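One letter stands for each residue in the lines below.
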Amino acid sequence: MTTVSERYTVLQARRLALGALGFARGRPEGTISARHLRATIDRLGLFQIDSVNVLQRAHYLPLYSRLGPYDVEMLHRASSRPPRRLVEYWAHEAALLDVRLWPAFGFRRQDDSRMWGGPRAVARDKPEFVAWVLEEVRRRGPLTARQIQEDLPRDRSHWGWNWSEGKQALEYLFYVGEVMAAGRTAQFERLYDLPGRVLPSDVAGQPDLSPEASHRLLVEHAARALGIGTAQCLRDYFRLAPGPASVAIEELTADGVLVPATIDGWARPAWRHRDAVVPRRVRARALVSPFDPLVFERTRLAQLFGFDYRIEIYVPAEKRVHGYYVLPFLLGDRLVGRVDLKHDRATGRVLVLAAHAEAHAPPHTAVELAAELELLAGWLGASGVTVGDRGDLAAALSDAVDARARARESGDTA
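Parameters at a glance
Residues numbered from 1 in each chain as written. Predicted model: local features only at pLDDT ≥ 70, side-chain atom pairs only at ≥ 80, totals over all residues. Heavy atoms only, no water. Helix = DSSP H or I, 4+ residues; strand = E, 2+ residues; numbered from the N terminus. Rg over C-alpha atoms; globule rule 2.2 N^0.38 Å. Buried < 20%, exposed > 50% of the residue type's maximum accessible area, 1.4 Å probe, protein only. Salt bridge = Lys/Arg side-chain N within 4 Å of Asp/Glu carboxyl O. Phe/Tyr/Trp six-rings, centres within 6.5 Å; stacked < 30°, edge-to-face > 60°. Polar contact = N/O pair within 3.5 Å; in protein donor to acceptor, adjacent residues only side chain to side chain. Contact = heavy atoms within 4.5 Å. Axes fitted to C-alpha atoms, helices over the stretch in contact; angles between N-to-C directions. Parallel < 35°, antiparallel > 145°, perpendicular 65-115°, else oblique. Nonpolar A, V, L, I, M, F, W, Y, C, P; charged D, E, K, R; others polar. Pairing = 2+ DSSP bridges. Core = buried A, V, L, I, M, F, W, Y, C linked by side-chain atoms within 4.5 Å.

(A) Summary view of the overall build of the protein chain. Counting secondary structure elements, the protein chain contains 17 helices and 14 strands. For 414 residues, the compact-globule formula gives about 22 Å, and the C-alpha radius of gyration of the protein chain, at 23 Å, lands near that figure. Dimensions along the principal axes, computed over C-alpha positions, put the protein chain at roughly 70 × 65 × 40 Å. By residue count, 54% of the 414 residues in the protein chain fall in the buried class.

(B) Seen up close, the pattern of salt bridges. Applying the stated criterion across every chain yields a total of 31 salt bridges. Arg-197 is the partner of Asp-193 in a salt bridge, and the nearest nitrogen-oxygen pair spans 2.7 Å. On the basis of relative accessible area, Asp-193 is assigned to the buried category, the value being 5%. Judged by its relative accessible area of 40%, Arg-197 falls in the partly exposed class. In this structure, Arg-216 engages Glu-251 in a salt bridge whose closest nitrogen and oxygen atoms are separated by 3.4 Å. In this pair, Arg-216 sits in helix H12 (residues 211–226) while Glu-251 sits in helix H14 (residues 242–254), placing the two residues 35 residues apart along the sequence. Through salt bridges with shared partners, a single ionic network connects Glu-88, Lys-167, Glu-171, Arg-184 and Arg-190.

(C) Spotlight on the packing of aromatic side chains. Summed over the entire model, instances satisfying the criterion amount to 13 aromatic pairs. Both rings, one in Phe-129 and one in Trp-132, keep their centres 6.4 Å apart while their planes meet at 10 degrees; by these two values the pair is stacked. Taken together, the residues span about one helical turn, with Phe-129 and Trp-132 both in helix H7 (residues 127–140) at a distance of three residues. Trp-132 gets classed as buried once you look at its relative accessible area, which sits at 19%. Taking 5.0 Å as the distance between ring centres and 75 degrees as the angle between the ring planes, the aromatic pair formed by Tyr-237 and Phe-238 counts as edge-to-face.

(D) Expanded view of the side chain of Thr-40. By the secondary structure assignment, Thr-40 is in helix H2 (residues 34–44). Of the residues examined, Thr-40 reaches a relative accessible area of 6% and is grouped as buried. A polar side-chain atom of Thr-40 sits 2.9 Å from the main-chain carbonyl oxygen of His-36. Setting aside anything within four residues of it in sequence, one finds Thr-40 in contact with Gly-45, Phe-47, Leu-63, Arg-66 and Leu-67.

(E) Highlighting the packing of H12 against H14. Two elements in contact, H12 and H14, have axes whose closest approach is 9 Å; the angle formed by their N-to-C orientations is 75 degrees. Accordingly, the angle class assigned to the pair H12 and H14 is roughly perpendicular. Touching His-215, Arg-216, Val-219 and Glu-220 of H12 are Pro-244, Ala-245, Ala-248, Ile-249, Glu-251 and Leu-252, all from H14. Looking at side-chain class alone, the contact of H12 with H14 contains six nonpolar, one polar and three charged residues.

(F) Summary view of the pairing of strand E11 (residues 326–331). Counting buried residues in E11 gives six out of six residues, a clear majority hidden from the surface. Of the pairings in the sheet, the one linking strand E10 (residues 285–287) to E11 comprises three bridges and is antiparallel in character. Bridge pairing in E11 places Leu-287 opposite Phe-329. Across six bridges, E11 lies against strand E12 (residues 334–344) in antiparallel orientation. Looking across to E12, one finds that Pro-328 is bridged to Arg-338. The hairpin formed by E11 and E12 contains two residues between the paired strands, and Gly-332 there has a positive phi angle of roughly 65 degrees.

(G) Structural context of the nonpolar core. Among the nonpolar cores identified, the biggest contains 140 residues, and Phe-238, Tyr-325, Leu-341 and Leu-397 are the most heavily contacted of them. For this core, the element with the highest residue contribution is helix H16 (residues 365–380), accounting for eight residues. Apart from the residues lying within four places of it in its own chain, the contact partners of Leu-341 are Val-54, Leu-55, Leu-287, Tyr-325, Leu-327, Val-350, Leu-351, Val-352, Leu-373 and Leu-376.

Written out as structure tokens, the structure reads:
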């Protein structure tokens with residue numbers, strides 16, 4: 001039986017994707033509760049972690065983009081106190097992962113070939129040392145890498161170790177699942193502990209899924225989170241290898257979970273998750289993290305939104321086009337601008353170091369962005385927003401921010 005491919009315009013596909021990713025209906029009104037957190041975890045399955053803290057750490061921002069100002073302690077509780085809803089693992093990159101997906105990553109934990117060289121070399125060359133590190137975690141955990149290093153025998157001839165190898169041993173044990181992250185310290189250091197003391201009992205008691213079942217589950221989860229996408233989109237979400245991901249796509253298509261689709265102007269075939277629908281309208285207004293699932297796959301982003309995006313953190317300052325930590329601005333169903341942001345904790349201000357508009361940005365972009373920046377500043381505990389002069393949107397944005405400040409002072413908050 002031949003399955004007929006559905007056809008979508010780029011606008012339809014874009015709205016379908018925004019709806020699946022949780023942007024279609026706008027933010028909930030009232031207090032953000034644990035129910036909202038659980039629904040977002042169910043939807044996305046992971047929050048990518050990054051060490052850069054120039055604005056706010058990356059894993060906090062996808063929830064903010066979808067829910068608005070929320071108490072970050074909810075995320076702390078979900079990832080660092082039993083029974084955890086989130087655990088750290090290499091899912092996309094390093095990420096807080098829905099704990100229910102833990103058994104689906106057994107295939108990755110059992111194959112260290114993708115691990116970078118240092119940890120794998122330590123495990124290969126100094127197994128007694130790695131066993132000692134694991135015993136220290138078992139005996140004294142949860143522990144940071146620094147605490148492990150401080151407790152290493154001072155006689156270096158015992159293993160011939162150096163100071164970095166304690167961390168590398170922990171990273172190896174973390175990758176293969178013999179230790180896990182029980183949480184993070186205030187300095188953002190992982191606290192390593194045994195899986196049995198981190199995982200909820202109902203998850204700890206589950207066997208790992210087979211590689212085939214794992215890929216089916218993860219490809220379906222990616223399709224449900226993205227709504228629609230090519231094979232590259234579906235495998236990139238959890239960084240799956242092409243071969244087993246393609247097999248999973250074929251099987252899910254045969255079962256009717258994935259529906260073949262074509263998108264106008266796209267050369268590659270796509271698939272829609274059977275539960276994804278095209279919203280009639282998208283009422284979004286959100287600043288989007290550079291590590292949000294919306295922007296994971298850059299080719300998809302360019303084809304759906306006409307938005308060429310590059311993270312310029314590692315680009316020399318004089319060569320950056322848009323800035324160091326640039327967040328796309330989603331308004332309605334389009335990405336209409338981008339702002340280089342910094343939370344200047346010394347002055348208590350959110351700094352807009354640069355603001356650029358896309359060619360299709362509507363006239364009210366600056367006004368909407370000013371309102372969103374004010375909301376963000378309040379969530380971060382900043383006293384306000386200061387706009388610099390870089391970028392073609394900067395002058396209009398500065399005027400809009402100043403107008404909002406004057407309205408607050410006069411008591412006109414309409």
